[in-house]
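Structure assessment
Each chain, written out:
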Amino acid sequence: MIKVTHLSKIYKMDGVQTVALSDINFEIDKGEYVAIMGPSGSGKSTLMHMLGALDTPTSGKYILDGQEVGNLSDDELAEIRNKKIGFVFQAFNLLPRTSALKNVILPLSYASYPKENREKRATELLTMVGLGDRLHHNSNQLSGGQQQRVAIARALAMDPALLLADEPTGNLATSQSEEIMTIFSDLNKKGHTIIMITHEPLIAKFAKRIITVRDGKIIKDEKNGKHLKIKV
Amino acid sequence: MDFFELLAESLNALTLNKMRTALATLGIVIGIGAVIALISLGQAGQKAVQSQIESLGSNLLTVMPGAATTGGVRGAAGGDTTLTYDDAKAISTSPEITAISNVSPELSRRAQVTAGRNNSNTQVVGVIPSYAAVRNVTMSAGTFITSNNVDSEEKVAVLGPQVVSDLFGDGADPVGQSIRINKQAFRIVGITVSKGGTGFLNQDDIVFVPLTTAQNQLFGVDYVSTISLAAKSADVMTEAENQVVYLLLSRHKIKDPANADFRIFSQADVLGAASQVTGTFSALLSGIAAISLLVGGIGIMNIMLVTVTERTREIGLRKALGAKKKTVIAQFLAESIILTFVGGVIGMILGAGLSLVISHFISLPFTLSFSAIVLAIGVSAGIGIVFGLYPARKAADLSPIEALRYE
Ligand SMILES: Nc1ncnc2c1ncn2[C@@H]1O[C@H](COP(=O)(O)OP(=O)(O)OP(=O)(O)O)[C@@H](O)[C@H]1O
Ligand SMILES: [Mg+2]
């Protein structure tokens, strides 16, 4: 489903260059459940943004479902982000002063999702992440963990084939984390591909494959306990 | 997103930051309000002066006593007593005068007019019947001064509506009753129809008496204060003027027209002078209006720039969730159009209301200029759209992550 070759991302700011990713190569098949680990600043979020078609690499190729993402137009990318990909941001990024319900409805309203079903769908998802009683709270009236769960519900709204989650349990208590992980596992069983970033080895265990990143490079790639060969 | 969703989304965004929306709208309201009020007041003033001058009578020539002043120096001695009823008669009877249809000699003075206990200081004008034709006077009751009245120096009076209401109360019909002018009793024979006007142009606060009565019994003079002339048509104004000047010069035995002891001017002269004054006034008001529109426009521009820059993150998020570029831009466009439209309409209502109130207090006719409305709303909407669109487009061109990182 995903094929990344020689992917690099270099940030240039005031003449200073930061290499966030350098020459990354890997493949992820449809239906895989992958955890990405690594120390802070190692480039995990940067990689996730590339995979989510939210940012463009400095060099290298990213092929999603046989399409080279770099060749797509702005509107085609928007369509892919809307239909194929669900993204949970590390910083949640909810629409400010807007209710949880409206936040979840937002991706539905950019698709041609039937109007009359939107509220029902959003309510179901929010109930699933345990926020059935917080539908009309504005994002600034929610705790960090609750905002994170709204962000997860929003990512699931369009039932995306690829779910990308940047530390989805970073702000959650253990019991809530486990509930979210159950949701992710169920989705994965239904055939959805999931990639998540996490710092916690216990959470990473839910995934079937763990990729470890350091200094913008993949240093380890384990699947069901077996080491995969890292392509260069 | 369809049109209504877009509209709902925009309205929602606008209500999220009520204070800023209110301030942005206020800028437009004040800009447009000022423009509409100033322009419509300017036009009302111009119209008022024009219509009052026109209501004095069309094709009107006025002969006044006194020398033509050249560079502030009086050409000849004369004073204000050089025109007589005989001059007027000569103008109407002379075979050389072909371009004049009516001649109206007038003697105008202020005098104390009383009826019972009420009294009023009013313009009293001695006239002959042709006054009515020259000055477009129509009667609401009774008759105007007749030639019999003039020939036999009768003590009869025709009142303007203002005088009637001052002396007898609103809506009274005092025809047949009597008034006293400078202590002499006059029988009221008619009341004129209101012509409107205020201050020195008030043509309703006036009392007409026969010219001969005014000269011999009221004021004891043998001259007239003006001779009004109606030319046969607007085309022969110059001809009429020349004929009258020639006749009067020869009657007054003056060889050099520069030494004339009278002045003659036409409606066009008065209108021209007046519209020059009101035109300057209007231009001044329009200038002030333009400045306030500019200031309002800069306000809109500023708010739109701030709004969009501040919401770059939001634009990034919307794009990340699948909003197409044109959807994002359409939303901002809808927001600025709503903002400028609502502000424009409120401003228009306030501006029109303001000019209605002001024109009521200074007794001007109220006019609302359609072109001013279109101009003002067009300009502010244009500014709102251009300066809302530019940063929105810039933000929509960023990658979602860049926009989300924007601070
Ligand atoms: N917009 C940017 N401009 C400049 N440098 C950036 C930018 N974004 C990220 N970086 C740099 O790229 C590197 C990787 O950042 P990234 O956010 O991907 O780290 P991360 O692995 O997600 O860390 P964390 O676990 O703390 O979230 C960091 O050194 C960071 O400073
Ligand atoms: Mg990160």
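Our subject is the structure listed above.
Below is a summary of the structure that appears in this document. In this text, all values refer to a predicted model and were calculated from it rather than measured experimentally.

Calculation notes
Residues numbered from 1 in each chain as written. Chains lettered and ligands numbered in written order. Predicted model: local features only at pLDDT ≥ 70, side-chain atom pairs only at ≥ 80, totals over all residues. Heavy atoms only, no water. Helix = DSSP H or I, 4+ residues; strand = E, 2+ residues; numbered from the N terminus. Buried < 20%, exposed > 50% of the residue type's maximum accessible area, 1.4 Å probe, protein only. Contact = heavy atoms within 4.5 Å. Areas by Shrake-Rupley, 256 points an atom, 1.4 Å probe, with all protein chains shown as cover. Near = heavy atom within 4 Å. Polar contact = N/O pair within 3.5 Å; in protein donor to acceptor, adjacent residues only side chain to side chain. Nonpolar A, V, L, I, M, F, W, Y, C, P; charged D, E, K, R; others polar. Buried area = accessible area lost by both parts, 1.4 Å probe. Salt bridge = Lys/Arg side-chain N within 4 Å of Asp/Glu carboxyl O. Pairing = 2+ DSSP bridges. Axes fitted to C-alpha atoms, helices over the stretch in contact; angles between N-to-C directions. 1 Å grid on protein atoms, 1.4 Å probe; cavity = no way out; pocket = protein on both sides within 12 Å on 5 of 7 lines; lining within 4 Å. Points joined across faces, edges and corners; volume = space filled by probe spheres on them. Donors = N, O, S within 2.8 Å, 3.2 Å for Na, K, Ca; no water. Parallel < 35°, antiparallel > 145°, perpendicular 65-115°, else oblique. Phe/Tyr/Trp six-rings, centres within 6.5 Å; stacked < 30°, edge-to-face > 60°. Lys NZ or Arg CZ within 6 Å of the ring centre and 35° of its normal.

Of regular secondary structure, chain B possesses 13 helices and 12 strands. A burial count over chain B gives 49% of its 407 residues as buried. In chain B, the share of contacts with a sequence separation of at least 24, taken over all contacts with a separation of at least 6, comes to 77%. Counting every atom, chain B has about 18,900 Å² of accessible surface; 61% of that belongs to carbon and sulfur.

Let us look at the site of ligand 1. Close to ligand 1 lie 15 residues, the nearest being S40, G41, K44, S45 and T46 of chain A. Residues within reach of ligand 1 are spread across chains A and B. A distance of 2.8 Å separates an oxygen atom of ligand 1 from a polar backbone atom of G41 of chain A. In the model, an oxygen atom of ligand 1 is placed 3.3 Å from a nitrogen or oxygen of the S42 of chain A main chain. Expressed as a share of its isolated accessible area of 630 Å², the protein-covered part of ligand 1 is 74%. Going through the elements one at a time, β1 (2-13), β2 (16-28) and α1 (44-51) of chain A are the ones with two or more residues in the shell around ligand 1. When residues in the shell around ligand 1 are grouped by element, the largest group, 3 residues, is from α1 of chain A. A breakdown of the residues in the shell around ligand 1 according to their chemical character gives 3 nonpolar, 9 polar and 3 charged.

A word on the interface of chain B and chain A. Each partner contributes residues to the interface: chain B has 27 residues there, and chain A has 25 residues. Across the interface of chain B and chain A, roughly 2,300 Å² is buried in total on both sides, 55% from carbon and sulfur atoms. The interface formed by chain B and chain A holds 3 salt bridges in total. Counting only elements with at least two residues in the side of chain B that touches chain A, the list comes to α1 (3-16), α10 (312-320), α11 (325-361) and α13 (400-405) of chain B. With 6 residues, α10 of chain B is the largest single contributor of residues to the side of chain B that touches chain A. Of the residues in the side of chain B that touches chain A, the class split is 10 nonpolar, 6 polar and 11 charged.

This paragraph deals with the sheet that holds strand β6 (residues 85-88) of chain A. Residues and elements named next belong to chain A. Taken together, 7 strands build an open sheet; the order of strands is β6-β7-β8-β3-β9-β10-β11 and the sheet is mixed. Looking at the sheet topology across the chains shown, the edges are occupied by β6 and β11 (226-227). In this sheet, strand β10 (residues 217-223) lies alongside strand β9 (residues 209-214) in antiparallel orientation, the contact comprising 6 bridges. Across the sheet, residue I211 finds its bridge partner in β10, namely D221. Contacts from helix α5 (residues 144-156) reach β6 and β7 (162-166) within the one sheet, and its direction differs from that of β6 by about 175 degrees.

This brings us to empty space enclosed by the protein. What the rule picks out here adds up to 2 cavities of 30 Å³ or more. Space inside the largest cavity adds up to approximately 120 Å³. Contributing to the lining of the largest cavity are 14 residues, with R81, I85, G86 and F87 of chain A together with L321 of chain B lying nearest its centre. Volume-wise, the second largest cavity comes out at about 90 Å³. Lining of the second largest cavity is provided by A13, L14, R20, T21, I303, M304, T307, R311, E335 and L339 of chain B.

All names here are of chain A. Taken together, S45 (OG) and Q90 (OE1) make up the protein donors of the magnesium ion (ligand 2), found 1.9 to 2.3 Å from the metal. Residue S45 is found in helix α1, and its partner Q90 is found in the loop between β6 and α3 (100-110); the two are separated by 45 residues along the sequence. On the basis of relative accessibility, which here comes to 41%, the residue Q90 falls in the partly exposed class.

Quick look at the packing of helix α9 (residues 267-310) of chain B against α10 of chain B now. Residue and element names in this part refer to chain B. Viewed as axis vectors pointing N to C, α9 and α10 meet at an angle of 50 degrees, and their least axial separation amounts to 4 Å. Relative to α10, the element α9 is oriented oblique. From α9, V308, T309 and E310 reach across to α10, where they touch T312, R313 and I315. Class assignment of the residues belonging to the contact of α9 with α10 gives a composition of 2 nonpolar, 2 polar and 2 charged.

Residues and elements named next belong to chain A. Pairing within the open sheet is antiparallel, and its 4 strands lie in the order β2-β1-β4-β5. Each edge of the open sheet carries a strand with a single partner, namely β2 and β5 (67-68). As judged from the 5 bridges shared by β1 and strand β4 (residues 59-64), these two strands associate in the antiparallel manner. Bridged to T5 within β4 is K61.

Turning our eyes to something else, we now look at the packing of aromatic side chains. Residue and element names in this part refer to chain B. With the rule as written, the count across this model stands at 5 aromatic pairs over all chains. With centroids separated by 6.0 Å and ring planes inclined at 15 degrees, the aromatic side chains of Y131 and F144 adopt a geometry described as stacked. Taken together, the positions of Y131 in helix α4 (residues 130-134) and F144 in the loop between β6 (139-142) and α5 (147-151) put the pair 13 residues apart, joining distant regions of the chain. A relative accessible area of 9% means that F144 is categorised as buried. Each member of the aromatic cluster is reached from another via a ring pair, and the members are Y131, F144 and F208. K89 extends its terminal NZ or CZ atom over the ring of Y85, reaching a point 4.1 Å from the ring centre.

What follows is about the packing of α5 of chain A against helix α6 (residues 174-189) of chain A. All names here are of chain A. Interaxial distance between α5 and α6 falls to 12 Å at its minimum, and their mutual angle equals 10 degrees. Considered as vectors, α5 and α6 are oriented roughly parallel to each other. Residues R149, I152 and L156 of α5 lie in contact with α6, whose contacting residues are Q176, I180, I183, F184 and L187. Each residue belonging to the contact of α5 with α6 can be placed in one class, and the counts come to 6 nonpolar, 1 polar and 1 charged.

Here we take up the pattern of salt bridges. All names here are of chain B. Here the structure, examined in full by the defined rule, presents 19 salt bridges over all chains. Put simply, E106 and R135 hold a salt bridge, and the shortest N to O gap is 3.1 Å. Here R135 lies in the loop between α4 and β6 and E106 lies in strand β4 (residues 100-115), a separation of 29 residues in the sequence. Judged on exposure class, the residue E106 and its partner R135 are both buried. Put simply, D397 and K325 hold a salt bridge, and the shortest N to O gap is 2.8 Å. In this pair, D397 sits in helix α12 (residues 370-397) while K325 sits in helix α11, placing the two residues 72 residues apart along the sequence. Look at K325 and you get partly exposed, because its relative accessible area is 26%. Residues participating in the shared-partner salt-bridge network are E9, R311, E314, R318 and E335.

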